[in-house]
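Reading the structure
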Amino acid sequence: MAKITLSELRHSYLPNPKGAEDYALKMIDLDWEDGGAYALLGPSGCGKSTLLNIISGLLHPSEGRILFDGRDVTDLPPDQRNIAQVFQFPVIYDTMTVRDNLAFPLRNRGVDEGRVAQRVAEIAAMLEVEEMLDTRAAHLSPDNKQKISMGRGLVRDDVNVVMFDEPLTVIDPHLKWKLRSKLKELHQRVRATMIYVTHDQTEALTFADQVVVMQEGEIVQIGTPVELFERPQHTFVGHFIGSPGMNVLPAVEQGGAVLFEGHKLALEGKLSGQGGDLRVGIRPEYVSLADTGLPATVRKVSDVGRHAVVEAMVGDTPVKAITSGALPPQGEAVHLAFRPDQTRAYRDGWIATEVDT
Ligand SMILES: Nc1ncnc2c1ncn2[C@@H]1O[C@H](COP(=O)(O)OP(=O)(O)OP(=O)(O)O)[C@@H](O)[C@H]1O
């Protein structure tokens, strides 16, 4: 396994790119540490596949270098990069048995049969597919085919990185959670460097120790699932992660204070920077219905099981609060309290409050 360094990477699909908008990847500087479990998370079109294809060598970046353990591999073709990849759709040989499918990547590399048998047995046990080993792959369900496809990605222990590209797309929803936690467990056992690409926050947060969040060709935050939830560095992260996402509210600055709909807000710390489009971000988990606070009118209440989401209008702006207490009826006048240590300012999307560490 290897540490993977992406240094000053940019990529444009256009022959003569001009402005930043012509780049599918704007400027990526990133280290993937050896043995880490990473997720690359972002909406459709943000550049995930472009980045993955650059790492695997299917695509040559317009600018920048890719290093594996410090060795420059930018000009190496995919077959010399020693990468295992698991795709959205199963890549297996239908006419072969499960055993031969799992053995294939090893035999292809000339691994001796004793070691092949041992490794296939280990992977089959981890994936709990031992009883299928002699079944022809054509007879497997789509879920099991994808499991075997994952097994093929994990069977070699000499690869630099295992990359998963939306591997649960074809999996039945009720089996997804099982395979998700299985993959996490597999990473803990094999300790390979793994990159899991997805647009699904639950998949990313369950699998990864570190989540790399992308938006429009840029990395907006790298952090643990807790860090992304607790202190979003960008409004996009706050909104994209969480259910519902962070409230992102219009704000104005007045004499060093931050006002939302004319009300002064207490923030987590000192306001930093200046100018730009000022917003306040607070997660619905940290907004509560209280006796005092911002006057609001309830617009909608959605009971989602263990808690409810109350949406209330403060002036012209809707604010969401997650509450488990008594639910107010629609149209009721209420007060909203914001937890100050979870209330942050953002300028042009980026965090603009400082906390003492
Ligand atoms: N072969 C291509 N030629 C031209 N533009 C492309 C090509 N592939 C991707 N793009 C553009 O590059 C940007 C990033 O696309 P990319 O496929 O990397 O995003 P993604 O995050 O992987 O999206 P998805 O989850 O839908 O695959 C998009 O604007 C896309 O339209």
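Structure: above.
What comes next concerns the included structure. (Residues numbered from 1 in each chain as written. Predicted model: local features only at pLDDT ≥ 70, side-chain atom pairs only at ≥ 80, totals over all residues.)

1. Let's talk about the nonpolar core
Spelled out, the test is: Note on definitions: a nonpolar core is a set of buried residues drawn from Ala, Val, Leu, Ile, Met, Phe, Trp, Tyr and Cys, linked by C-beta atoms within 7 Å. Once C-beta atoms are placed from the backbone, each residue is buried if 20 or more other C-beta atoms lie within 10 Å of its own, exposed if 12 or fewer, and partly exposed for counts between those two. Note on contacts: residues are paired as contacts if their backbone-placed C-beta atoms lie within 7 Å.
Counting 69 residues, the largest nonpolar core has Tyr38, Ala39, Tyr196 and Val213 as its most contacted members. Beyond its immediate chain neighbours, meaning those up to four positions away, Val213 contacts Leu41, Gly42, Ile219, Val220, Gln221, Leu228, Val237 and Phe240. Counting 24 residues, the second-largest nonpolar core is a separate cluster that includes Leu278, Leu289, Leu336 and Phe338.

2. Description of unusual backbone geometry
The condition that has to hold: Starting at the N terminus, helices and strands are each numbered in turn, a helix being any DSSP run of H or I of at least four residues and a strand any DSSP run of E of at least two.
Of note, the amide linkage connecting Ser243 to Pro244 takes the cis form, showing an omega dihedral of -10°. Its location among the elements puts Pro244 in the loop between helix H8 (235–240) and strand S11 (247–250). Its identity is not glycine, yet Glu261 carries a phi of approximately 50°, on the positive side. Position of Glu261 relative to the elements: it lies in the loop between strand S13 (257–260) and strand S14 (263–265). In this model, Asp348 sits at a positive phi of 45°, which is unusual for a non-glycine residue. Turning to its location among the elements, Asp348 is positioned in the loop between strand S22 (344–347) and strand S23 (350–351). For Asp348, a count of 13 C-beta atoms within 10 Å gives the class partly exposed.

3. Looking at the site of the ligand
Put simply, the rule reads: Only the C-beta atom matters for this test: placed from the backbone, it must lie within 6 Å of a molecule or strand for the residue to be near it. Under the convention adopted here, Pro, Cys and the residues Ala, Val, Leu, Ile, Met, Phe, Trp and Tyr are nonpolar, Asp, Glu, Lys and Arg are charged, and Gly plus all remaining residues are polar.
Lining the immediate environment of the ligand, one finds Tyr13, Ala24, Gly42, Ser44, Gly45, Cys46, Gly47, Lys48, Ser49, Thr50 and His199. By residue class, the composition of the shell around the ligand is three nonpolar, seven polar and one charged.

4. A closer look at the sheet that holds strand S16 (residues 278–282)
This is how the line gets drawn: Here the rule is simple: two strands pair whenever DSSP picks up at least two bridges between them.
Within the open sheet, the four strands sit side by side as S11-S16-S22-S23. Their pairing is antiparallel. Of all the strands in the sheet, just S11 and S23 have a single pairing partner and so form its edges. When S22 meets S23, the two strands line up antiparallel, connected through two bridges. What sits directly across from Arg347, in S23, is Trp350.

5. Some points on the sheet that holds strand S4 (residues 63–68)
Across the sheet, which stays open at both edges, the four strands sit in the order S2-S1-S4-S5 with antiparallel pairing between neighbours. Pairing within the sheet leaves two strands with one partner each, and these edge strands are strand S2 (25–32) and strand S5 (71–72). Note: S4 against S5, two bridges, orientation antiparallel. Bridging from a neighbouring strand, Phe68 pairs with Arg71 of S5.

6. Examining the pairing of S16
Taking burial as the measure, the five residues of S16 include five buried ones, the bulk of the element. A two-sided burial pattern is seen for S16, the buried positions comprising Leu278, Val280 and Ile282 on one face and Arg279 and Gly281 on the other.

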